[in-house]
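Architecture and fold: a report
Okay, here's what each chain looks like letter by letter:
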Amino acid sequence: MPMPLREERILGCDLSMNHGAFVLLSGEGAELDLLYYTKIKAAAALFKGSGFCLALPTSEDPIQRDLERLERLGRVFHAVLDRMKPTRIALEGYSFDSKQAAHQIGEVAGFFKLCAFVRGLPIRVYAPGQLKKFTTGNGAADKAEMLAAVVASYHRDYSSLAWKTDSPAEDCADARAAAEFLLTELRVRAGALRLSDLGPKELEVFNSVGKGRREGLAASAFVQRSGEPALAELLASIARAGE
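Residues numbered from 1 in each chain as written. Predicted model: local features only at pLDDT ≥ 70, side-chain atom pairs only at ≥ 80, totals over all residues. Heavy atoms only, no water.

Description of helix 6 (residues 168–190)
Under the convention used in this document: The secondary structure listing takes helices from DSSP runs of H or I that are at least 4 residues long and strands from runs of E that are at least 2 residues long, numbered from the N terminus. The span one expects for a helix is its residue count, reduced by one, times 1.5 Å. Think of it in three bands: residues with accessible area under 20% of the maximum for their type are buried, residues over 50% are exposed, and the middle band is partly exposed, with areas taken using a 1.4 Å probe on protein chains only.
The first and last C-alpha atoms of helix 6 sit 32 Å apart over 23 residues, in line with the 33 Å expected at 1.5 Å per residue. Of all 23 residues making up helix 6, 19 are buried, and the element is well covered by its neighbours. Immediately downstream of helix 6, the backbone of G191 shows phi near 80 degrees, a positive value.

Structure below.
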């Protein structure tokens with residue numbers, strides 16, 4: 001049986017190595033919680049109790065540095081999941097136009113997805129162009145357009161968290177947009193919203209058929225851990241072989 005919409009806790013995420021945000025929505029659309037991380041202490045202090053400074057390790061060896069950073073982020077991710085107790089996860093896919101190294105983006109997002117996956121949480125990943133088009137009507141929207149669209153569509157203004165670089169306001173708006181996208185999808189699935197109620201650009205995104213998706217978004221399965229008895233047998237045989 002699918003979970004009743006009112007019981008859903010939808011976690012929207014915007015992640016990178018140095019900064020990111022998590023916005024939790026109820027199944028009725030209320031913002032239940034907000035967290036963001038940054039390497040800038042003053043930016044973390046903009047919203048007491050929601051912003052925190054993540055002091056990342058430094059090392060001359062880039063592999064050592066990145067692994068230490070990922071290990072620290074992994075602890076943060078599990079703490080966020082423990083605090084927010086989401087029922088579903090929504091996040092933006094990789095944007096390789098980012099100034100940040102593409103492999104770092106992939107490692108951070110992949111690590112978070114694994115943290116959620118091992119907990120059995122259903123995950124939805126939206127391509128950057130999909131998320132931007134759904135939120136603003138423009139698949140190439142910039143950060144300012146995303147911020148403005150979140151204010152206009154969801155009546156949530158994160159401008160008090162604005163910062164000159166790696167702005168928490170931008171991260172929170174992107175995370176909120178991802179959560180709202182998934183909430184809309186769940187409303188369509190539950191019959192609380194009809195596809196005909198969506199705007200033309202929103203409908204275009206919902207009906208899009210992309211790589212790995214043969215059906216429209218609202219009929220597409222979530223990524224979620226499944227039981228694999230064969231894997232358990234394999235692991236047991238590996239353990240026995242080492243005895």
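Resuming the write-up.
Some details on the packing of helix 4 (residues 128–136) against helix 6
Convention followed: Orientation is described by axes fitted as lines to C-alpha atoms, over the contacting stretch for helices, and by angles from 0 to 180 degrees between their N-to-C directions. Orientation is classified from the angle alone, with under 35 degrees giving roughly parallel, over 145 giving roughly antiparallel, 65 to 115 giving roughly perpendicular, and any other angle giving oblique. Should any heavy atoms of two residues lie within 4.5 Å, those residues are considered in contact. Basically, the charged four are Asp, Glu, Lys and Arg, the nonpolar ten are Ala, Val, Leu, Ile, Met, Phe, Trp, Tyr, Cys and Pro, and anything else, Gly included, counts as polar.
Here helix 4 crosses helix 6 at 80 degrees, and the two axes come no closer than 10 Å. If you check the angle between helix 4 and helix 6, you find them roughly perpendicular. Where helix 4 abuts helix 6, its residues Q130, L131, F134 and T135 lie against D174, A177, A178, E180, F181 and T184. Classifying every residue of the contact of helix 4 with helix 6 by side-chain character gives five nonpolar, three polar and two charged.

Comments concerning the packing of aromatic side chains
Basically, it comes down to this: The criterion for an aromatic pair is that two Phe, Tyr or Trp rings (for Trp, the six-membered ring) have centres within 6.5 Å, with stacked assigned to planes under 30 degrees apart, edge-to-face to planes over 60 apart and tilted to the rest. Geometrically, a lysine NZ or arginine CZ counts as sitting over a ring once it is within 6 Å of the ring centre and also within 35 degrees of the ring normal.
With the rule as written, the count across this model stands at nine aromatic pairs. Summarising the aromatic geometry, the rings of Y126 and F181 are spaced 3.9 Å apart at their centres and angled 10 degrees between planes, so their arrangement reads as stacked. Pair noted here: Y126 is in strand 6 (residues 123–126) and F181 is in helix 6, with a separation of 55 residues, a long-range link. A centroid spacing of 4.1 Å and a plane angle of 0 degrees characterise the contact between F134 and F181, whose relative ring orientation is stacked. In this pair, F134 sits in helix 4 while F181 sits in helix 6, placing the two residues 47 residues apart along the sequence. Note on accessibility: F134 and F181 belong to one class, buried. In this structure an aromatic cluster arises from ring pairing among F22, Y37, F52, F77 and F112. Sitting over the ring of F222, R88 keeps its end group 4.7 Å from the ring centre. Directly above the aromatic system of F222 lies the positively charged group of R124, at a separation of 4.3 Å from the ring centroid.

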